[in-house]
Every structure is written in C-alpha cells, then in structure tokens.
Amino acid sequence: MQKPMKTKSFLLLFLMVSVFAFSQAKANPEDAAIKKSLVYFVNSIKDKKIEQGVSCIYPKFFTVVPRDQMIQLLNMTYNNPFMKIDMSEVKVGNNGKPQQIGGEYFSIVPYSMKLKCNVGSMNDEMKKKINGLLVSKYGKNNVKSSAGEGSFLINAGMRACAVSRDRKTWKFVILEKEYKPQLVKVLPKQILDEI
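What you are looking at is a predicted structure, and each value in this text was computed from that prediction instead of being measured.

Asks: How do you make sense of the overall build of the chain when you look at a structure like this?
Replies: Across its full length, the chain holds seven helices and six strands. In the chain, the order of α-helices and β-strands from amino to carboxyl end is α-α-α-α-β-β-β-α-β-β-β-α-α. In the chain, buried positions account for 35% of the 195 residues. In the chain, once contacts between residues fewer than 6 apart in sequence are set aside, the share between residues at least 24 apart is 61%. On the chain, roughly 12500 Å² of surface is accessible, and the fraction owed to carbon and sulfur atoms is 58%.

Set out below in structure tokens:
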C-alpha cells in the first residue's frame, strides 16, 4: 500500500515540475533562441571560424567598425602565433526581457568563459604589459599568471546585447564600457544606459 502512494506522489511532483518548466519555456520563447545564438557566436570564434562568427554580429555595428576590419582584428587576436588564446567553459546567464525600441528588440545577456592566453614566446616586458592590460580589463582576482607555462588564465565575465527584428534571429554587440562612445552610433540610449 505504501509503494503506490509514493509512486503517485512522485508522478504528481514530476508532472508539476514538467508543467512549470514548460510554462516557463512558453513564457519567453526568445530566451532559448538568444542563448543558442550567443553560444553559436562564441563557439565560432573559439573554433577560429572567424567569418562565421562575424556573421553573428549586429550589422549596424559595421557602421563603426567595417566588417573586413572586424575580421582582421579577430584573426589577429585569435589566430596570433605570438599569443595563443584558447576559450573554454562558456556559460550564458539569463538575458533581460527583450525591449522593443524603434522596430527592433534588444536584450542584454551576461556570459562568461575561461581564457588561456599563452604568451610564452614573448619577452618579459611584453608579458608584463599584457598582464597589466588583462588585469585592468578583467580585474586582479580574475587573472592568474602561470609562469611555468608562460600563460595567463582568465575568468572573463562579459555582456552582449542581443538584437532582433522578429525575436527569432538574434545578432550581437559585445558591451564594454571602453567602447561606449562608439556604441552610441549603434545602440539606443536605453541600452547604453545599462552599460
């Protein structure tokens, strides 16, 4: 008699959790689309498929940085023989509720990853400069030096703005305070105020 009651309780709990999870997914169908698109974007860069990654960037961004220049910049960063960068453990946080502004939807998405920056082929002065740049960008507690390997291990917390016209296809702009003056030409004031 005891077993059927436990089974019924378990089934009821499972059913309630399933309904709740389904209703949450139904409530914000764009959440999954945003996360999937952002993971695709980051993995394209991680896998050194730079042009594929650039296709995920919000087209209006190219009015500030031309597409060819962006491809060249990303190639210099991620395909650089003097400073090899590897990404791992990409995690996407919960995006904000998409806001409709001027016929487009905007949503800020936090994400993080681990970066390993191998600078073993550089001299000590360059390593020191790179360490300073990384610490100023990511914070002292998020940058560890591995002298034996000649590399830096970075916990990189970042944010992107997802943009869409139809709430299904999302493009991205990476949000960084130091680029806010350039982003004025790309993103609406409501979004810039959140950077």
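What follows picks up the thread again.
Asks: Is there a simple way to think about the pattern of salt bridges in this case?
Replies: Between side chains of opposite charge, a pair can form as their charged atoms come close. The full count for this structure, using the stated rule, is seven salt bridges. For Asp86, the salt bridge identified is with Lys84, shortest N-O distance 3.9 Å. Members of the salt-bridge network, linked through shared partners, are Lys137, Glu176 and Glu178.

Asks: So what exactly am I meant to see when it comes to the pairing of strand E6 (residues 171-175) here?
Replies: In this structure, strand E5 (residues 151-164) lies alongside E6, joined through five bridges in antiparallel fashion. Paired with Ala162 across the bridge in E6 is Phe172. What sits between the antiparallel neighbours E5 and E6 is a turn of six residues, in which Arg167 has the positive phi angle 65°.

Asks: Honestly, the environment of Ile57 in this entry has me stumped. Any pointers?
Replies: Checked against the element boundaries, Ile57 lands in the loop between helix H3 (50-54) and helix H4 (67-78). For Ile57, a relative accessible area of 6% corresponds to the buried category. Between the alpha carbons of Ile57 and Lys171 there is a distance of 5.1 Å; along the sequence they are 114 residues apart. Look past the residues within four positions of Ile57 in its chain and what remains in contact with it is Phe41, Phe62, Met70, Lys171 and Phe172.

Asks: Just to check I follow, could you spell out the packing of aromatic side chains for this structure?
Replies: Think of a pair of aromatic rings as described by two things: how far the centres are apart, and how the planes are tilted against each other in angle. Applying the stated criterion across every chain, the model contains three aromatic pairs. Between Tyr58 and Phe106, the aromatic rings sit 6.5 Å apart at their centres with planes inclined by 85°, giving edge-to-face as the arrangement. With Tyr58 in the loop between H3 and H4 and Phe106 in strand E3 (residues 104-118), this residue pair connects regions lying 48 residues apart in the sequence. The ring of Tyr105 has Arg167 sitting right over it, with the charged end atom 4.9 Å from the ring centre.

Asks: Even after reading the chapter, I still don't get helix H2 (residues 29-46), so can you show me in this structure?
Replies: An α-helix turns once every 3.6 residues. As a result, residues three or four positions apart point the same way. Taking 1.5 Å as the rise per residue, H2 with 18 residues should run 26 Å; its terminal C-alpha atoms sit 26 Å apart, in good agreement. Among all positions in H2, only Glu30, Ala33, Ile34, Ser37, Leu38, Phe41, Val42, Ser44 and Ile45 are buried. Mapping the buried residues of H2 onto a view down its axis gives an arc of 155°, with all of them on the same face. Opposite its buried face, H2 presents the exposed residues Pro29, Ala32 and Lys36, each directed more than 90 degrees away. Of the surrounding elements, those touching the buried residues of H2 are H3, H4, strand E1 (84-92), E3, E5 and E6. One or two steps after H2, the chain reaches Lys48, where phi turns positive at roughly 65°.

Asks: Quick question: what am I supposed to make of the nonpolar core here?
Replies: Looking at soluble globular proteins, one finds that nonpolar side chains tend to be buried together. One finds Phe61, Ile154 and Leu187 to be the most contacted residues of the largest nonpolar core, which totals 54 residues. Sequence-distant contacts of Leu187, that is, excluding residues within four places in its chain, are made with Phe106, Cys161, Val163, Val173, Leu175 and Leu192.

Procedures and definitions
- Residues numbered from 1 in each chain as written.
- Predicted model: local features only at pLDDT ≥ 70, side-chain atom pairs only at ≥ 80, totals over all residues.
- Heavy atoms only, no water.
- Helix = DSSP H or I, 4+ residues; strand = E, 2+ residues; numbered from the N terminus.
- Buried < 20%, exposed > 50% of the residue type's maximum accessible area, 1.4 Å probe, protein only.
- Contact = heavy atoms within 4.5 Å.
- Areas by Shrake-Rupley, 256 points an atom, 1.4 Å probe, with all protein chains shown as cover.
- Salt bridge = Lys/Arg side-chain N within 4 Å of Asp/Glu carboxyl O.
- Pairing = 2+ DSSP bridges.
- Phe/Tyr/Trp six-rings, centres within 6.5 Å; stacked < 30°, edge-to-face > 60°.
- Lys NZ or Arg CZ within 6 Å of the ring centre and 35° of its normal.
- Expected span 1.5 Å × (residues − 1).
- Arc of directions from axis to C-beta.
- Core = buried A, V, L, I, M, F, W, Y, C linked by side-chain atoms within 4.5 Å.

Honestly, it's all geometry; don't read function into it.
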